[in-house]
Amino acid sequence: MTPDAAPSSLAILDQPFGRLADLIGQHAAAAPDSIAIIDGDRRLTYRDLDAMMDRVVASLQRDGIAPGGSIAISSGTSADYVVLFMGALRAGVAVAPLAPSSTPDALVTMMTDSGAARIFLDADNAAALGDRPLPAPVTAFADFAAWLAPEGTAASPVEVTPDMAFNIIYSSGTTGAPKGIVQSHAMRWSHVGRGAMLGYTPQTVTLVSTPLYSNTTLVSVIPTLANGGTLVLMAKFDARRALELSAAHGVTHAMLVPVQYRRIMELPDFAAFDLSRYKMKFATSAPFSAGLKADVLARWPGGLVEYFGMTEGGGSCILIAHLYPAKLHTVGQPAPGHDIRLIDDAGVEVPAGTPGEIVGHSPAMMTGYHGQPGKSADARWTSADGKVFIRTGDVGRFDAEGFLTLLDRKKDMIISGGFNIYPSDLEAVLAQAPGVVEGAVVGVPSDAWGETPVGFVVMRDGADPEGARAWTNERLGKTQRLSAIVALDALPRSAIGKVLKRELRDGWRG
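Residues numbered from 1 in each chain as written. Predicted model: local features only at pLDDT ≥ 70, side-chain atom pairs only at ≥ 80, totals over all residues. Heavy atoms only, no water.

Colleague: I'd like a rundown of the overall build of the chain, residues and numbers included.
Modeller: Counting its secondary structure elements, the chain contains 16 helices and 26 strands. Taking 24 Å as the expected radius of gyration for a compact globule of 510 residues, we find that the chain reaches 23 Å, a close match to that expectation. Referenced to the eigenvectors of the C-alpha coordinate spread, the extents of the chain come out at roughly 75 × 55 × 55 Å. When contacts within the chain are restricted to residue pairs at least 6 apart in sequence, those whose partners lie at least 24 apart make up 65%. Within the structure as shown, the chain displays about 21,100 Å² of accessible surface, and the carbon and sulfur contribution to it stands at 54%. Taking the average place of the 43 positive charges on the side chains of the chain and the average place of its 52 negative ones, the gap between the two points comes to 2 Å. (Helix = DSSP H or I, 4+ residues; strand = E, 2+ residues; numbered from the N terminus. Rg over C-alpha atoms; globule rule 2.2 N^0.38 Å. Contact = heavy atoms within 4.5 Å. Areas by Shrake-Rupley, 256 points an atom, 1.4 Å probe, with all protein chains shown as cover. Lys, Arg positive; Asp, Glu negative; His and termini not counted. Charge placed at Lys NZ, Arg CZ, Asp CG, Glu CD.)

See the structure below:
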């Protein structure tokens, strides 16, 4: 189909389902010189992005990777990463973006689990993996240009259907079996559809300060490209650099995690930067204090929207903070078309005003955990009327106006710097450390990260707890390492032998 015969981007956006890759193609036809990506001194126009995506399609087909297959990427943020991701989608190939901070063994596990037919690594990840055998051929990003098919190489047309996998995002990946969350093209199209409501236009300039393997990042990257806007990439977050880029490029949108907001707002010369082009800022992935929200609203131009939800999809709440300044202690109300309910331990819905586990249903639900039907089933709750919900493991309570307040995390998950850390993963490693009889890990407040993991251990006589911490941290990913360790005579337990983590957390005096 020639560009003249293809539907316009506006027509595609109005459809119940469309392809992100088609929208990028339309922007290339209508505004070829518009900047799609800024990566340091490098600029890619929509013409460049579209042409390189076509070369990715041809390259994947040359390598025998058919629609319905998958690739894995473990790399820092770069323009080539975006090109590869978008090109794979055009080819009908799912992308498994893997966290470089994971341990090498966890990366291999996720690569294998994803069924990736080719693996793309930057130099740091390749060095970390060393000579470990990998489940598929590897392409180094340093050789990305050479891997691409020559310009003008013809590729076979690909039909991408709504139910095909868009990406496989791993919610864990440290020890044991990580869970790959499969999200479909239909699910991601819902992010495109709400873009206009959030102010995304061809004039949008989005700061990308969180890693490209994160669902948090994709929530802002997808509507930016879908609407013909510009991505400004940060390879590594730095508070001052974020403000410098915002001022230099007239940034209008940004997705930041709360710890990034805190670091930015703490800069003594914050007011010296021109942030007047900002239209909307977003936050998710970690607890966001009411005081910090209020500070952002008071001093940073543009609106502030907080999302509460899971990568699994289930359901989301949205707090439009600039419209509801009296509700900053909440995470907002259920998003349009999202059904959020609260249940007790028996799976029964609780009365209004009563705390319960948060479950959600929405158009943006995961297909399931990749290759793990049992865990997929465990993550679901079915209402009396037969509707399927995703369990969040979080406990909350609705107020009279329908705003949700988070009370606790039922699963004791730790959120550090916007990243999910599962204590059971860390405990499995800690238990093997020299001299450790038993141990438990909890999240404690941290000025730097929001929360940080701390280990509590019972040691054998004469054993060194700090040595156990060092041993454990050598075997954990960078974002998971224990910030401290405390030796106890015994772990506090309930009458039935369950470790009382709340007592550990409440007794912390770091």
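Colleague: Break down the sheet that holds strand 25 (residues 450-459) for me, citing the residues and quoting the values.
Modeller: Reading across from one edge, 24-25-26 is the order of the 3 strands in this open sheet, with mixed pairing throughout. The two strands at the open ends of the sheet, each matched to only one other strand, are strand 24 (436-446) and strand 26 (484-487). In this sheet, neighbouring strand axes are inclined to one another by 25° on average, regardless of whether the strands run parallel or antiparallel. (Pairing = 2+ DSSP bridges. Axes fitted to C-alpha atoms, helices over the stretch in contact; angles between N-to-C directions.)

Colleague: Can you explain the pattern of salt bridges? Please cite residues and give values.
Modeller: With the rule as written, the count across this model stands at 23 salt bridges. With a closest N to O distance of 3.0 Å, Arg62 and Asp63 form a salt bridge. A relative accessible area of 44% means that Arg62 is categorised as partly exposed. Asp63 gets classed as partly exposed once you look at its relative accessible area, which sits at 28%. Here Asp385 and Arg341 are joined by a salt bridge, their closest N and O atoms 3.8 Å apart. Of the two residues, Asp385 sits in the loop between strand 19 (380-382) and strand 20 (388-398) while Arg341 sits in strand 16 (residues 339-343), which places them 44 residues apart along the sequence. Residue Arg341 is classed as buried on the basis of its relative accessible area of 15%. A cluster of three or more residues bridged by salt bridges with shared partners is formed by Asp339, Arg341, Glu349, Asp385 and Lys387. (Salt bridge = Lys/Arg side-chain N within 4 Å of Asp/Glu carboxyl O. Buried < 20%, exposed > 50% of the residue type's maximum accessible area, 1.4 Å probe, protein only.)

Colleague: Could you give an account of the sheet that holds strand 1 (residues 35-39), with specific residues and numbers?
Modeller: Overall, mixed pairing links the 9 strands, which are arranged 2-1-10-9-11-12-13-14-15 in an open sheet. Here the strands that pair on one side only, and so sit at the sheet edges, are strand 2 (42-45) and strand 15 (333-334). By the bridge criterion, 2 bridges tie strand 14 (residues 317-320) to strand 15 in an arrangement that is antiparallel. By the bridge assignment for strand 15, Ile318 is matched with Gln333. Contacting strand 1, strand 2 and strand 10 (230-233), helix 4 (residues 79-90) crosses the sheet at an angle of about 25° to strand 2. Here helix 10 (residues 239-249) sits on the sheet in contact with strand 1, strand 2, strand 9 (205-208) and strand 10, set at roughly 165° to strand 9.

Colleague: With reference to specific residues and values, describe the packing of helix 11 (residues 258-265) against helix 12 (residues 290-299).
Modeller: The N-to-C vectors of helix 11 and helix 12 enclose an angle of 55°; their axes lie 10 Å apart at closest approach. With respect to each other, helix 11 and helix 12 are oriented oblique. As helix 11 runs across helix 12, the sense of the crossing is left-handed. Facing helix 11, whose interface residues are Pro258, Tyr261, Arg262 and Met265, helix 12 presents Leu292, Asp295, Val296 and Arg299. Taken together, the residues of the contact of helix 11 with helix 12 break down into 5 nonpolar, no polar and 3 charged. (Parallel < 35°, antiparallel > 145°, perpendicular 65-115°, else oblique. Left-handed = near helix turned anticlockwise from the far one by under 90°. Nonpolar A, V, L, I, M, F, W, Y, C, P; charged D, E, K, R; others polar.)

Colleague: I'd love a proper account of the nonpolar core, names of residues and values included.
Modeller: Among the nonpolar cores identified, the biggest contains 51 residues, and Ile71 and Leu225 are the most heavily contacted of them. The greatest single-element share of this core, amounting to 9 residues, is contributed by helix 4. Counting residues in hydrophobic clusters, the runner-up holds 31 residues, among them Ala254, Ala283, Leu292 and Leu328. (Core = buried A, V, L, I, M, F, W, Y, C linked by side-chain atoms within 4.5 Å.)

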